[in-house]
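A closer look at the structure
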Amino acid sequence: MKVTVVGAGAVGASCAEYIAIKNFASEVVILDIKEGFAEGKAMDLMQTASLNGFDTKIIGSTSDYSKTAGSDVAVITSGIPRKPGMTREELIGINAGIVKSVSKSLLEHSPNTIIIVVSNPMDTMTYLVHKTTNLPKNKIIGMGGALDSARFKYRLAEALGAPISDVDGMVIGGHSDKGMVPLINKAARNSVKVSEFLSEERMEQVVQDTKVGGATLTGLLGTSAWYAPGAAVSAMVQAIACDTKKVFPCSALLDGEYGLSDLSIGVPCVLGSNGIEKIVEISLSDAEKAKLAESAVGVQKTNGLLEL
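Read on for an overview of the structure.

1. What about the overall build of the protein chain?
- Assigned secondary structure in the protein chain consists of ten helices and 14 strands.
- Expected size for 308 residues packed as a compact globule is a radius of gyration near 19 Å; at 19 Å, the protein chain falls within 12% of this value.
- In terms of overall dimensions, the protein chain has a C-alpha envelope of 55 × 45 × 35 Å along the principal axes.
- Expressed as a percentage of the 308 residues in the protein chain, the buried residues total 53%.
- Across the protein chain, contacts joining residues at least 24 apart in sequence account for 70% of those joining residues at least 6 apart.
- Element-wise, carbon and sulfur atoms account for 52% of the exposed surface of the protein chain, whose accessible area totals about 13400 Å².

Printed below as a string of structure tokens:
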């Protein structure tokens, strides 16, 4: 298994680190446009190999896409990160050009790779890759829902006073503060619905805290978060590499599922060696359907800003 991570910033480096530590990939290639930056990150990470007990080979390169040849999975983290007060949608102009160029360069050397998009606005960038490449739709995946769901579980465990391993929950919809749809009524603590433990008011607070999870961290850090996004990507890559058939909420191109078409948005997906093996259509309440439809309108509006 060979994995490429484009973008050696905090998210890309964290992603490469988590993949290496899990030891399921033989090689991870990190690319960045900044001279020597990816090489330095790769060298630093390789010097942890004996300490962290992994044998994955990590290679860094300054924009030499020939080093990525034969990649099974490619992760695109490139683009400018959010600053305090910025929305993900405000990044579209710059990041669209970067993502389009990167995906083209990747496919020149790895025409059968599976692409995972992290760059924001993530759903729209995923849609852009669908519209500008010839890859089948199962091989283009947006990361957002896996991260949003991890943040949802964190907030649930916090509210419940429970170990996070006891908690399950999922976020669907667009990867934006307004577009996320945390499925609070399906969330559970060890198979018992959280409504058995929490008041309606506390449940609503969990939902709102989840939706502004990224903005909260951006305000505290002064830039986008990186540990949880890197971990979310590495978990998805592992599911593909190891063909685990695990379910993650991912931004997938829909063709009638959930009554939506011609957009990429977060829905439950089975991930395996073919990328998205199946889009899972779960039953939603009328309120959840309405929120997902509203989220789709927001994603489509952002898609309309693309120059395709």
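2. Considering the side chain of Ser110
- Of note, Ser110 is situated in the loop between α4 (92-109) and β5 (114-117).
- When its relative accessible area of 4% is taken as the criterion, Ser110 is described as buried.
- A polar contact is formed between the side chain of Ser110 and the backbone nitrogen of Ser71, at a distance of 3.0 Å.

3. Section: the nonpolar core
- Among the nonpolar cores identified, the biggest contains 53 residues, and Ile30, Ile116, Ile141, Met236, Val237, Ile265 and Leu271 are the most heavily contacted of them.
- A per-element tally of this core places helix α9 (residues 227-241) first, with six residues.
- In terms of nonpolar packing, the next biggest core, distinct from the first, is built from 22 residues, Ile76, Ile92, Ile140 and Leu253 among them.

4. With respect to the sheet that holds strand β11 (residues 192-193)
- Spatial strand order, β7-β10-β11: three strands in an open sheet with antiparallel pairing. A strand with exactly one partner marks an edge of an open sheet, and here the two such strands are β7 (167-168) and β11.
- With two bridges joining them, strand β10 (residues 188-189) and β11 adopt antiparallel strand pairing. Within β11, the position partnered with Ala188 by the bridge is Lys193.

5. Here's the deal with helix α1 (residues 10-22)
- If you check α1, its first and last C-alpha atoms are 18 Å apart, about what 13 residues at 1.5 Å a residue would give, namely 18 Å.
- Buried residues along α1 sit in contact with β1 (2-6), β2 (27-32), α2 (37-46), β3 (57-62) and α9.
- One or two residues past the end of α1 sits Asn23, with phi positive at roughly 65 degrees.

6. Overview of α2
- Turning to α2, its buried residues number three or more, namely Ala38, Ala42 and Leu45. Along α2, the residues classed as buried sweep out an arc of 65 degrees about the axis, all on the same side.

7. Things to note about the packing of α4 against helix α5 (residues 122-132)
- Packing of α4 against α5 brings their axes to within 10 Å, and their N-to-C directions diverge by 40 degrees. Our classification of the angle between α4 and α5 gives oblique. Of the two possible hands of crossing, α4 and α5 adopt the one that is right-handed. Taken together, the residues of α5 that come into contact with α4 (itself represented by Ile92, Asn95, Ala96, Val99, Lys100 and Ser103) are Thr124, Met125, Leu128, Val129 and Thr132.
- Grouping the constituent residues of the contact of α4 with α5 by class yields six nonpolar, four polar and one charged.

8. Considerations on the pairing of β5
- Residues Ile114 and Ile116 of β5 are buried on one face, and the alternating residues Ile115 and Val117, pointing to the opposite face, are buried as well.
- For strand β4 (residues 73-76) and β5, the ladder comprises four bridges, and the chain directions are parallel. Each residue of the ladder has a partner; that of Ala74, found in β5, is Ile115.
- Inspection of the sheet shows β5 paired to strand β6 (residues 140-142) by three bridges, in the parallel sense. Counted as the bridge partner of Val117 is Gly142 from β6.
- Tracing the backbone out of β5, into α5 and back to the parallel element β6 gives a crossover that is right-handed.

9. Observations concerning unusual backbone geometry
- Between Asn120 and the following residue, Pro121, the backbone shows a cis peptide bond with an omega angle of -5 degrees.
- Position of Pro121 relative to the elements: it lies in the loop between β5 and α5.
- The phi angle at Asn23 is positive, at roughly 65 degrees, despite the residue not being glycine.
- With respect to the helices, strands and loops of the structure, Asn23 is situated in the loop between α1 and β2.

What counts and how
Every chain begins its residue count from 1, and numbering advances along the sequence as written. The predicted nature of this model means local features are confined to residues of pLDDT at least 70 and side-chain atom pairs, given and counted, to a pLDDT of 80 or more, with totals for whole chains, interfaces and linings taken over all residues. Side-chain numbers come from the whole structure's heavy atoms, not from hydrogens or water. Strands here mean DSSP runs of E at least two residues long; helices mean DSSP runs of H or I at least four residues long; both are numbered from the N terminus. Only C-alpha atoms enter the radius of gyration; for comparison, a globular chain is expected to reach 2.2 Å times N to the power 0.38, where N is the number of residues. Three labels apply to residues, based on accessible area from a 1.4 Å probe with only protein chains included: buried if under 20% of the type maximum, exposed if over 50%, partly exposed otherwise in between. Residue contacts are defined here by distance: any two heavy atoms, one from each residue, within 4.5 Å place the two residues in contact. The Shrake-Rupley method, run with a 1.4 Å probe sphere, supplies the accessible areas, and residue values consider only the shown protein chains as cover. Pairing of N or O atoms within 3.5 Å defines a polar contact, subject to two protein rules: one partner must be a possible hydrogen donor and the other a possible acceptor, and residues neighboring in sequence count only if both atoms are side-chain atoms. Nonpolar core, defined: a set of buried Ala, Val, Leu, Ile, Met, Phe, Trp, Tyr and Cys residues in which side-chain atoms within 4.5 Å join the residues together. Strands were regarded as paired on the criterion that DSSP finds at least two bridges between them. Any helix carries an expected span of 1.5 Å times its number of residues minus one. Of all possible arcs, the one meant is that of the directions from the helix axis to the C-beta atoms. Only C-alpha atoms enter the line fits that serve as axes; for helices the fit covers just the stretch in contact. Angles between N-to-C directions range over 0 to 180 degrees. Orientation labels follow simple angle bins: below 35 degrees gives roughly parallel, above 145 gives roughly antiparallel, 65 to 115 gives roughly perpendicular, and whatever is left gives oblique. When the near helix sits turned anticlockwise from the far one by under a right angle, the crossing is termed left-handed; a clockwise turn instead gives a right-handed crossing. Residues are grouped as follows: Ala, Val, Leu, Ile, Met, Phe, Trp, Tyr, Cys and Pro are nonpolar; Asp, Glu, Lys and Arg are charged; all remaining types, including Gly, are polar. Crossovers are described as right-handed under a simple rule: with the strands pointing away from the observer, the path leading from the first strand over the helix to the second runs clockwise.

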